[in-house]
Amino acid sequence: MKSDDIGMNLATEQYLMNEKSFDEPLLLFYIEKPSIIVGRNQNTYEEVNADYVEQNNITVTRRLSGGGAVYHDLGNLCFSFVVNNSTDAFGNFKKYTQPVIDALHKLGAASAEGGGRNDLLVDGKKFSGNAMYSKNGKTFSHGTLSWDVDLDVLTKALNVPADKIASKGIKSIRQRVTNIKPYVDPQYQNLTTEEFRDVLLLTMFDAADVAEIRSHEYVVTPEDQVEIDKIVKEYYHNWDWVYGKNPEFSIQKRQHFSMGTIDARINSNAGKITEIKFYGDFFGTEPVQSLADILTGVNFDRAGITAALADVNLGQYFNGIDKEEFIDLLVK
């Protein structure tokens, strides 16, 4: 099955791991349109630049595995190994990334290596992040391979905590990441992502041509696809999974406007505003607690807040402050 939708690809991986049995490890490769995939235990709001993501039509979803947020586009190649559990499988990233590193060495990227807990590096820069998930006696280990990713978009779309950047001894995420493409032998540097995938496959399996490899390919059946579509709907294209799984958190949003300062203190749980209070030197004819009551329980994102305020005269609470600017304050 060929898909450039991250939700469809993650659902296929999940379905094959949970519902199918294979005599040998299963290897998946997939390529997606621009998307951000946050780890299972992350707070989506903290990991993404929401305004930039919305303006640039970047898909955001959450995966089953832990680890950190990653950015994909059509210049990225994802790989996933699905295996039966072994005593040393979970957390042993090298077991699954070493075949990839070995292949990259053969393609000329001699300095490619494992680094840290779950990254792949070249000349000290990250070109791959990896994560694992285990259930019912099976494990998948999946990772990224930045071949020709737009690194400028990556740095704008992701919010990387300052302490994480500092811990790497660098000043910005752009200094830390790279594509592997410039490091391979020049004969491969004009390959598209799809062509790179095929060359990598041939190299990993020491095969003469792709047809030889595809003779061992599992083809998703129409019956499989029905079940995969259900998983997409339940998980990867489901707001409750992507945002509703966010842990409880508190945040302060403060901004000075020409007509006064608004200081918003927000508590959120499961992707919704559970409490919000407003402080500041603004003027209004109505008590701001009434506005807080309107916003309590709504989805903590631009769409949810915009819908809740659709029929609200914001000037009653914050005289002279534009509604769109107010929404920007809350969600940026």
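Residues numbered from 1 in each chain as written. Predicted model: local features only at pLDDT ≥ 70, side-chain atom pairs only at ≥ 80, totals over all residues. Heavy atoms only, no water.

Counting residues in each nonpolar core, the largest one holds 69 residues, and the members touching the most others are Ile36, Phe278, Leu291, Ile305, Phe318, Phe326 and Leu330. Each of two domains, domain 1 (6-243) and domain 2 (251-331), supplies a minimum of three residues to this core. Of all hydrophobic cores here, the second largest spans 31 residues; its members include Phe79, Ile101, Leu107 and Val199. (Core = buried A, V, L, I, M, F, W, Y, C linked by side-chain atoms within 4.5 Å. Buried < 20%, exposed > 50% of the residue type's maximum accessible area, 1.4 Å probe, protein only. Domains from an automatic or database assignment.)

Our focus in this paragraph is the environment of lysine 125. With respect to the helices, strands and loops of the structure, lysine 125 is situated in strand 8 (residues 125-135). Remark: the alpha-carbon pair of lysine 125 and phenylalanine 140, spanning 15 residues in sequence, is separated by 25 Å. (Helix = DSSP H or I, 4+ residues; strand = E, 2+ residues; numbered from the N terminus.)

What follows concerns the pattern of salt bridges. Opposite charge on two side chains lets them pair, provided their charged atoms get close. Taken as a whole and judged by the stated rule, the model has 13 salt bridges. Between lysine 126 and aspartate 119 there is a salt bridge, with its nearest N and O atoms 3.5 Å apart. The class of aspartate 119 is buried, set by a relative accessible area of 11%. Shared partners join several salt bridges into a network, and the residues in it are Asp51, Glu54, Arg302, Asp328 and Lys332. (Salt bridge = Lys/Arg side-chain N within 4 Å of Asp/Glu carboxyl O.)

The next point concerns the environment of isoleucine 228. Within the secondary structure, isoleucine 228 is located in helix 10 (residues 222-236). Judged by relative accessible area, isoleucine 228 falls into the buried class, the value being 0%. Each C-alpha atom, one on isoleucine 228 and one on glutamate 13, is 9.1 Å from the other, the two residues being 215 residues apart in sequence. Among all residues touching isoleucine 228, those that are not within four sequence positions of it are Met8, Ala11, Thr12, Tyr15 and Val220. (Contact = heavy atoms within 4.5 Å.)

The next subject is helix 14 (residues 323-331). Residues of helix 14 that are buried: Phe326, Ile327, Leu329, Leu330 and Val331. In this fold, the buried residues of helix 14 make contact with helix 3 (50-55), strand 10 (249-257), strand 11 (260-269), strand 12 (272-280), helix 12 (288-295) and helix 13 (302-308). The distance from a side-chain oxygen at the start of helix 14 to the backbone nitrogen of glutamate 324 is 2.9 Å, and the residue carrying that oxygen is aspartate 322. (Polar contact = N/O pair within 3.5 Å; in protein donor to acceptor, adjacent residues only side chain to side chain.)

Strands sit in the order 10-11-12 across an open sheet of 3 strands; the sheet is antiparallel. Every other strand in the sheet has two partners, leaving strand 10 and strand 12 as the edge strands with one partner each. When strand polarity is set aside, the average angle formed by the axes of neighbouring strands in this sheet is 20°. With 9 bridges joining them, strand 10 and strand 11 adopt antiparallel strand pairing. The partner of glutamine 255 across the bridge, within strand 11, is isoleucine 262. Each of strand 10, strand 11 and strand 12 is contacted by helix 14, which is oriented at about 145° to strand 10, the strand it contacts most. (Pairing = 2+ DSSP bridges. Axes fitted to C-alpha atoms, helices over the stretch in contact; angles between N-to-C directions.)

What follows is about helix 10. Residues spaced three or four apart along an α-helix face the same direction, because each turn holds 3.6 residues. Taking 1.5 Å as the rise per residue, helix 10 with 15 residues should run 21 Å; its terminal C-alpha atoms sit 20 Å apart, in good agreement. Among the residues making up helix 10, those that are buried are Asp224, Gln225, Ile228, Ile231, Val232 and Tyr236. Buried residues of helix 10, seen end-on, are gathered within an arc of 115° and therefore sit on one face of the element. Exposed residues lying more than 90 degrees from the buried face of helix 10 are Pro222, Glu223 and Lys233. (Expected span 1.5 Å × (residues − 1). Arc of directions from axis to C-beta.)

The domain boundaries assigned to the chain delineate domain 1 (6-243) and domain 2 (251-331). On a C-alpha basis, the centres of domain 1 and domain 2 stand 38 Å from each other. Of the residues lining the interface, 6 residues belong to domain 1; the matching set on domain 2 comes to 7 residues. Buried surface at the junction of domain 1 and domain 2, both sides included, amounts to about 560 Å², of which 46% is carbon and sulfur. Of all residues in domain 1, Tyr45, Asp51 and Trp239 give up the largest surface area on contact with domain 2, accounting jointly for 74% of the area buried on that side. One salt bridge connects arginine 302 with glutamate 54, and the closest N-O pair in it is separated by 3.5 Å. Inspection of the region where domain 1 meets domain 2 yields 5 residue pairs in polar contact (both at pLDDT 80 or more). (Buried area = accessible area lost by both parts, 1.4 Å probe.)

A separate point is the packing of aromatic side chains. Considering all chains together, one arrives at 16 aromatic pairs under this definition. Ring geometry for phenylalanine 278 against phenylalanine 326: centres 5.8 Å apart, planes inclined by 45°, an arrangement best described as tilted. Taken together, the residues span a long stretch of sequence, with phenylalanine 278 in strand 12 and phenylalanine 326 in helix 14 at a distance of 48 residues. As far as burial versus exposure is concerned, phenylalanine 278 and phenylalanine 326 are alike and both buried. A connected cluster of aromatic rings, assembled from ring pairs, spans Tyr45, Trp239, Tyr243, Phe249 and Phe300. (Phe/Tyr/Trp six-rings, centres within 6.5 Å; stacked < 30°, edge-to-face > 60°.)

Positionally, asparagine 43 belongs in the loop between strand 2 (35-38) and helix 2 (44-47). At 3.0 Å, the side chain of asparagine 43 and the backbone nitrogen of tyrosine 45 are in polar contact. Not counting the four nearest positions on each side in its chain, asparagine 43 is found in contact with Asn246, Pro247 and Phe249.

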